[in-house]
Structure formats: structure tokens, C-alpha cells
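Analysis of the macromolecular model
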Amino acid sequence: MNFSLLAPLGLAAFAALALPLLIHLIRRLELTTTDFAALRWISERVKPRRRLRFERPWLLLLRLLLFALLAVLLARPVMTESAGPSRMHVVVAPGVDRAAAYAAVLNPAADWRWLAPGFPSMEVAPPTGRVPAASLLRELDADLPAASALTVIVPSELSGLDGERPRLSRKVDWRVLPGVMASSAPAVSNSSIRLAVRYDSEDEPSLLYLRAAVAAWNASEPGHYTLDAQPFSAAIHDDEHWLIWLGGDLPVAISRWIEQGGTAMVPSQPQLRGDVVWRAADGSVLAQRYASGRGRIVALHGALTAQALPIVLDADFPVRLLAVMREAPQAPTRANAEAMRPLQEVAAASNTQFAPGSVRPLDPWLIVLIAGLFLLERWLATRARGQATE
């Protein structure tokens, strides 16, 4: 156990110790001299000895102790546990051969773990499935004591990233071995995208704009988009990716299809609120998107007509419509392991790094002690004042 101060400048309050001394000296000087008859037999040439004496010395010492404890309290004392020898921690990402990992770090006494949820021991089989490597590294860095050494062994092709190079509070021994980590995102399908449109006979003008938009999409990506335009009564098939519902409220079957992962655009729904995904040139909101289960709904603020949404006549309408129907681009989840070597966060110089649970503030104990001594001082002062008046 070590004693340390978080705010050493608080010790400057020790200068206040002079205050009780001055108070006791002043009270001594205020004493009155009373002459009595026997003094006339004492020669004036004999001068009495003078020495410094304090009235009620125990009360003075108590007050000095109170001021000293207040100064220590302002300095914020803490007790810190000695760190002692720290154990080496090694985490291995799935995709690395276990024998190769043991050979790369010749330290059987280290704490060996898989880089997987829960950080299972290396003695068990390697985890399968998707592993959020970046978030797990940050979690491990936050849980380990500050003085612990950390070695991370990863395959040359790393997945489970979140678009940002990890930043950790410690220097990491980053070792790259041959191997490939399982993908953390589903593979992108190259199959064509089917756009379902459900409409009524009075929606024929809107259907013309949508047909033109799909034709423009296929001009840049030939054969990639298929239009399935049918009346409202037609069902939505499982292979449909997008839906534009030109009617009013969504039927229960359509809502269930969206919640299972579908994307639907619903015109003339300004009351629905979500993230703004489409604005006009003047800044007015044209469409908002919000989640519904695992799917999404794009709510247009007007009907798909030239009168309600003049943007359907613009040349970039197909491009804007495609951007709204597509999901937002996701951050890359795979990268070369050498390029993802973690960065070390530079801690502020004024912040002392302690291992979790190693610091024990003494403030509560000091406050209780000061309160008790203050009550004792008040009792002694009141008692001494009462004796002086008797």
C-alpha cells in the first residue's frame, strides 16, 4: 500500500495553522493585571521572569490538528495498491493456427485467450462464426489492468472491423501470422434486384416515372434491375427486394414483409418521421426513412406525380431514387492485418493511470474524523468558557 496525494497544492492550507496560535496569543494579551497590597514589599529592581505560555494548551493542540486535517483533505489523499508482477495476456484471433500461435509466443505461463465474445480459453476449440474483432479489442483493453502486457495474434486477413483503426490505451504487441479470418458480413449478392410496384389504375402516371427510372438503372447496370408492376391485390414474393406502394395504408401482409427485412417506399406520408434521406434544391424535405423490424420504410411527403413532386421530371430523379432505396454504405469490415495495427492513445499528463480497483480515496474517513474532532473542540471550548465565568 502506498500513500499519495491527488492535489498536492492543497497542502498550502497548512499556512492556516498560524490562525489558532494567533488567537491564543491575543487572548493571553487581553488578560488584566490586578494590584494587591503584598506587591509593595517586592523591590522594583527584581523583575519577574517572562516565558511564553498558552492558555488551554489541549484546546490549542486540538484546533491545530483540525486545521492540519483540513489541509490534508484538500490535498485529496489516496491509498494505492502496489501493482506487483503483471501477467502477460495473449489473445488469438480465429483463423490463426493454434500451434503456430504457441510457437510465436514462447510463454506457456501467459493467459491465452481466443479473440471472441467472452474471451474463451485457448484450450477449447476455436470459435466459429462472425467475430467483431475491433470492438472486442477495445473491450479487452478497458478490462485489463493498466500495467498488463497484451499480445494480439491475428491472421493476415482480418475481419470484424468497423471502419476505424483501433485506438487502445496501451502499447500492443501486434503479431500477424498466415491465415484468413471468417467474414463478419454476409457476402454481397450479384443477383438482380427485383422492384415490386403495387398500384391502382389511377396511378398510371406514377408508374410511367418508375418505369423510366428502372430503364435508366439498367442502362448503367444492364439486366441488374427487374420491375414487377401489378395491382394491389398481387402478393409480394420472397424474392422481391424493394417495394413501392402507391396506395394508402400498408396491409398487414406488406408490413410483415417489411419487418422481415424488406424495403418499401410509401408516397403521401408526411406524418411519418425518420432520418431525412431526400431534400429538394430549396432544402425542403422530400423523403424520410425509418426502421421497421429488420426492414425500412421510405416515406415520401407527396405523391409520385409532377404536381406533388416536381423532382420526378428532373434528369437526376433515377439516381436520387436509387440512392434512397439502397441501404446506406457500410464501413469496411475486412482489411490487411498489418494496416490495422492498433494505435496507442496518449493519456493526459495530469491523469494518473491506476489499475481498476487499486485506488482507495481517504476523503470519507477524513471527513468523519474532522467532524468528530470539531464536535470535541466545541465541547472543550464551551466547557472552558463556562469555567472561566464561574
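All figures in this text were calculated on a predicted structure; none of them were measured in a lab.

Rules used in this analysis
- Residues numbered from 1 in each chain as written.
- Predicted model: local features only at pLDDT ≥ 70, side-chain atom pairs only at ≥ 80, totals over all residues.
- Heavy atoms only, no water.
- Pairing = 2+ DSSP bridges.
- Helix = DSSP H or I, 4+ residues; strand = E, 2+ residues; numbered from the N terminus.
- Axes fitted to C-alpha atoms, helices over the stretch in contact; angles between N-to-C directions.
- Phe/Tyr/Trp six-rings, centres within 6.5 Å; stacked < 30°, edge-to-face > 60°.
- Buried < 20%, exposed > 50% of the residue type's maximum accessible area, 1.4 Å probe, protein only.
- Contact = heavy atoms within 4.5 Å.
- pLDDT = per-residue confidence, 0-100.
- Arc of directions from axis to C-beta.
- Salt bridge = Lys/Arg side-chain N within 4 Å of Asp/Glu carboxyl O.
- Polar contact = N/O pair within 3.5 Å; in protein donor to acceptor, adjacent residues only side chain to side chain.

Digging into the sheet that holds strand β1 (residues 2-5)
Backbone-to-backbone hydrogen bonds pair the strands of a sheet. The strands run either parallel or antiparallel. Taken together, the three strands give an open sheet; going across it, the order is β1-β2-β17, and neighbouring strands pair in antiparallel fashion. On the outer flanks of this sheet lie β1 and β17 (359-361), each paired with one strand and no other. When strand polarity is set aside, the average angle formed by the axes of neighbouring strands in this sheet is 30°. Alignment of strand β2 (residues 77-80) against β17, held across three bridges, turns out to be antiparallel. Bridging across to β17, Val 78 finds its partner in Pro 361.

A look at the packing of aromatic side chains
One pair of aromatic rings is described through two measures. These are the centre distance and the angle between the planes. This structure, assessed with the given rule, holds six aromatic pairs. Ring plane angle 40° and centroid distance 4.8 Å describe the contact between Phe 232 and Trp 245, whose orientation is recorded as tilted. Pair noted here: Phe 232 is in the loop between β9 (225-231) and β10 (242-245) and Trp 245 is in strand β10, with a separation of 13 residues, a long-range link. Between Trp 278 and Phe 317, the ring centres sit 6.0 Å apart and the planes meet at 25°, which makes this aromatic pair stacked. Taken together, the positions of Trp 278 in strand β12 (residues 275-279) and Phe 317 in helix α7 (residues 317-325) put the pair 39 residues apart, joining distant regions of the chain. Assigned by exposure class, Trp 278 and Phe 317 land together as buried. Put simply, the rings of Trp 217, Tyr 225 and Trp 242 touch in pairs and so form one group of aromatic residues.

A few points about the sheet that holds strand β13 (residues 285-292)
Taken together, seven strands build an open sheet; the order of strands is β9-β8-β10-β11-β14-β13-β12 and the sheet is mixed. Lying at the two open borders of the sheet, with one neighbouring strand each, are β9 and β12. Neighbouring strand axes in the sheet, compared pairwise and without regard to direction, differ in orientation by 20° on average. Here four bridges tie β12 to β13, and the two strands are oriented antiparallel to one another. If you follow Val 276 over to β13, its bridge partner there is Gln 288. Packed onto the sheet, helix α5 (residues 204-220) meets β8 (193-199), β9 and β10 and runs at close to 165° relative to β9.

Some details on unusual backbone geometry
Notably, Arg 76 is not glycine yet its phi reads approximately 55°, a positive angle. With respect to the helices, strands and loops of the structure, Arg 76 is situated in the loop between α2 (57-74) and β2. Since its relative accessible area comes to 45%, Arg 76 is described here as partly exposed. Positive phi values are uncommon outside glycine, yet Phe 119 reaches one of about 50°. By the element assignment, Phe 119 lies in the loop between β4 (111-114) and α4 (133-143). Here Phe 119 falls in the buried class, since its relative accessible area comes to 11%.

Section: the confidence of the model for the protein chain
Across the protein chain, the average pLDDT comes to 80, with 79% of residues at 70 or higher. Considering only residues more than four positions removed or in separate chains, one finds that residues 185-189, a stretch of pLDDT under 50, has three contacts.

Some remarks on α4
Where α4 is concerned, the buried positions are Ala 133, Ala 134, Leu 136, Leu 137, Leu 140 and Asp 141. Seen along its axis, α4 keeps its buried residues to an arc of 165°; they face one direction. Exposed and oriented more than 90 degrees from the buried face of α4 are Ala 142 and Asp 143. Summarising the contacts, the buried residues of α4 are in contact with β3 (89-92), β5 (150-158), β6 (167-168) and β7 (172-180).

Side note on the pattern of salt bridges
Inspection of every chain in the model, using the stated rule, returns 10 salt bridges. Ionic contacts of the salt-bridge type, sharing partners, join the residues Arg 194, Arg 198, Asp 228 and Glu 240 into one network.

Details of the side chain of Gln 288
Within the secondary structure, Gln 288 sits in strand β13. At 3.0 Å, the side chain of Gln 288 forms a polar contact with the side chain of His 301.

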